[in-house]
Amino acid sequence: FFSFFINNEEIIECNFTENLSESNGGAFYADADCIQINGCSFTSCSSDINEKDGIGGAIYLIGKISNSKQEIFNTIFVNGSCLRNGGALSINCNC
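Because the structure is predicted, anything quoted here is derived from the model rather than measured.

Caption draft 1: Fine view of the overall build of the protein chain. Of regular secondary structure, the protein chain possesses zero helices and twelve strands. Starting at the N terminus, the α and β elements of the protein chain follow one another as β-β-β-β-β-β-β-β-β-β-β-β. For the protein chain, the proportion of its 95 residues judged to be buried stands at 39%. Looking at the protein chain alone, contacts between residues at least 24 apart form 81% of all its contacts between residues at least 6 apart.

As structure tokens, this is what we get:
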């Protein structure tokens, strides 16, 4: 699990397997106004171990501007889970 604050970032051809988070986003949490995820695989990622959070089994994305551009292409999500919202991913725009 990792979290980051980015802009204009690309995550390409990455494999995330059995990632676990005590918060949101089993594989990662990104505060990003512009992100592209392409050719990735997320298998058995979970964010359901903490009863307080648990949003986005594999990915939790936040955008803060009205023209946020968060794109996901050619990406596979398998067997993701979370406690609350988005077994595979959750995207939130605080615009």
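Caption draft 2: Just the sheet that holds strand E3 (residues 15-17), in detail. Ordered by their spatial adjacency, three strands build an open sheet running E3-E6-E10, and the pairing between neighbours is parallel. The sheet is open, and its two borders are formed by E3 and strand E10 (76-78), each paired with just one other strand. The mean angle between the axes of side-by-side strands here comes to 5°, regardless of whether they run parallel or antiparallel. In terms of strand pairing, E3 meets strand E6 (residues 41-43) through three bridges, oriented parallel. Bridge assignment links Phe 16 to a residue of E6, and that residue is Phe 42.

Caption draft 3: Broad picture of the packing of aromatic side chains. Applying the stated criterion across every chain yields a total of five aromatic pairs. When the ring of Phe 16 is compared with that of Phe 28, the centres are 5.8 Å apart and the planes differ by 50°; the resulting orientation is tilted. You can see Phe 16 sitting in strand E3 and its partner Phe 28 sitting in strand E4 (residues 28-32), a full twelve residues away along the chain. On the accessibility criterion, Phe 16 (10% relative accessible area) is buried. Site record: aromatic cluster; members linked through ring pairs are Phe 16, Phe 28, Phe 42 and Phe 77.

Caption draft 4: Region of interest: the nonpolar core. Within the largest apolar cluster, 14 residues are counted, with the highest numbers of intra-cluster contacts made by Phe 28, Ile 35, Ile 37, Phe 42 and Ile 59. For this core, the secondary-structure elements that each account for two or more residues are E4, strand E5 (34-38) and strand E8 (59-63). The biggest single contributor to this core is E4, with three residues. Look past the residues within four positions of Ile 59 in its chain and what remains in contact with it is Gly 25, Phe 28, Ile 37, Phe 42, Phe 77, Ala 88, Leu 89 and Ser 90.

Caption draft 5: Representation of unusual backbone geometry. Backbone geometry at Ser 44 places phi at a positive 55°, although glycine is not the residue there. With respect to the helices, strands and loops of the structure, Ser 44 is situated in the loop between E6 and strand E7 (46-47). The exposure class of Ser 44 is partly exposed, given its relative accessible area of 26%. Within the chain, Asn 79 stands out as a residue other than glycine whose phi angle is a positive 55°. Inspection of the secondary structure puts Asn 79 in the loop between E10 and strand E11 (81-82). Owing to a relative accessible area of 62%, Asn 79 belongs among the exposed residues under this scheme.

Parameters and conventions
- Residues numbered from 1 in each chain as written.
- Predicted model: local features only at pLDDT ≥ 70, side-chain atom pairs only at ≥ 80, totals over all residues.
- Heavy atoms only, no water.
- Helix = DSSP H or I, 4+ residues; strand = E, 2+ residues; numbered from the N terminus.
- Buried < 20%, exposed > 50% of the residue type's maximum accessible area, 1.4 Å probe, protein only.
- Contact = heavy atoms within 4.5 Å.
- Pairing = 2+ DSSP bridges.
- Axes fitted to C-alpha atoms, helices over the stretch in contact; angles between N-to-C directions.
- Phe/Tyr/Trp six-rings, centres within 6.5 Å; stacked < 30°, edge-to-face > 60°.
- Core = buried A, V, L, I, M, F, W, Y, C linked by side-chain atoms within 4.5 Å.

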